[in-house]
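Remarks on the overall topology
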Amino acid sequence: EERLITFLHNKTTRLMAVGRLAVEKSFATLIDALPKLIENDPNTVLVIFGAGSEECRLRAKIRQLDLDEHVLLFGFVESLLSYFSHFDVFVMPSITEGTPIALLEAMQARVPCVVTNVGGMPHMLAYGRGGWIVPPKEPDALQAAITTSLIHSQNQIKTSFAYDRVMNEY
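Residues numbered from 1 in each chain as written. Predicted model: local features only at pLDDT ≥ 70, side-chain atom pairs only at ≥ 80, totals over all residues. Heavy atoms only, no water.

Now for the sheet that holds strand β5 (residues 113–116). Pairing is parallel in the open sheet, where 6 strands are placed in the order β3-β2-β1-β4-β5-β6. The strands lining the two open edges of the sheet, one partner per strand, are β3 (71–75) and β6 (132–134). Averaged over all neighbouring strand pairs, the angle between strand axes comes to 20°, with direction disregarded. The sheet contact formed by strand β1 (residues 13–18) and strand β4 (residues 89–92) spans 2 bridges and is parallel. Residue L15 lies in a different strand from β4, and its bridge partner there is V89. Here helix α2 (residues 27–40) sits on the sheet and contacts β1, β2 (44–49), β3 and β4; the angle it forms with β2, its principal contact strand, is near 165°. The sheet contacts of helix α4 (residues 101–108) involve β1, β4 and β5, and relative to β4 the element is tilted by about 160°. (Pairing = 2+ DSSP bridges. Helix = DSSP H or I, 4+ residues; strand = E, 2+ residues; numbered from the N terminus. Axes fitted to C-alpha atoms, helices over the stretch in contact; angles between N-to-C directions. Contact = heavy atoms within 4.5 Å.)

Turning our eyes to something else, we now look at the packing of α4 against helix α7 (residues 152–169). Closest axis-to-axis distance for the α4/α7 pair is 7 Å, and the angle between their directions is 120°. In terms of orientation, α4 and α7 fall into the oblique class. Crossing of α4 over α7 shows left-handed handedness. Together, L104, M107 and Q108 of α4 and A162, Y163, R165, V166 and M167 of α7 make up the contact between the two elements. Looking at the contact of α4 with α7, its residues break down into 6 nonpolar, 1 polar and 1 charged. (Parallel < 35°, antiparallel > 145°, perpendicular 65-115°, else oblique. Left-handed = near helix turned anticlockwise from the far one by under 90°. Nonpolar A, V, L, I, M, F, W, Y, C, P; charged D, E, K, R; others polar.)

This part is about the side chain of S94. Structurally, the position occupied by S94 is in the loop between β4 and α4. Residue S94 is classed as buried on the basis of its relative accessible area of 1%. In this structure, S94 is in contact with E24, K25, S26, T116, V118, M121 and P136, ignoring residues within four places of it in sequence. (Buried < 20%, exposed > 50% of the residue type's maximum accessible area, 1.4 Å probe, protein only.)

Attention shifts here to the packing of aromatic side chains. The tally for this structure, following the rule as stated, stands at 5 aromatic pairs. Residues F49 and F74 carry aromatic rings whose centres are separated by 5.0 Å and whose planes lie at 50° to one another, so their mutual orientation is tilted. Here F74 lies in strand β3 and F49 lies in strand β2, a separation of 25 residues in the sequence. As far as the burial class goes, F49 and F74 line up, both buried. Ring geometry for F49 against F87: centres 6.0 Å apart, planes inclined by 85°, an arrangement best described as edge-to-face. On the criterion of sequence distance, the pair formed by F49 in strand β2 and F87 in the loop between β3 and β4 is long-range, its members being 38 residues apart. (Phe/Tyr/Trp six-rings, centres within 6.5 Å; stacked < 30°, edge-to-face > 60°.)

Structural data, given as structure tokens:
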């Protein structure tokens, strides 16, 4: 956790993503959305929790876009529960998904959620009432939803709804 705290120090926009580093998780799309987010706030960072076969490819993309200071591939973590409080937005940019436990945990932790319109995620977020839903593989849509999710009045309503939903239905 010390490595995370050091990386997040003095950062104003902290994004979190979770999953296997695999093509279907589409973390490359999220990394492609970062430059515009950084234009708006140079202190934006992304931490991706997970390990997998796409690690080398993602590291190359991070280097290619000169995002080394903005992206941390943290690795696998047994339990994320203590980490959610460090982040402003939870992002799940998958191109295929079921009913992800990490999304349920983010909802329970009251972290604003931005997900793609795949699998069970739209239903989990009550088709937008509990978070932001965007088409898969569209970095501009992802960036716009993340930017909107940072507006306190909007994220407070959606995170409260998501919390109630996860506690009552899941």
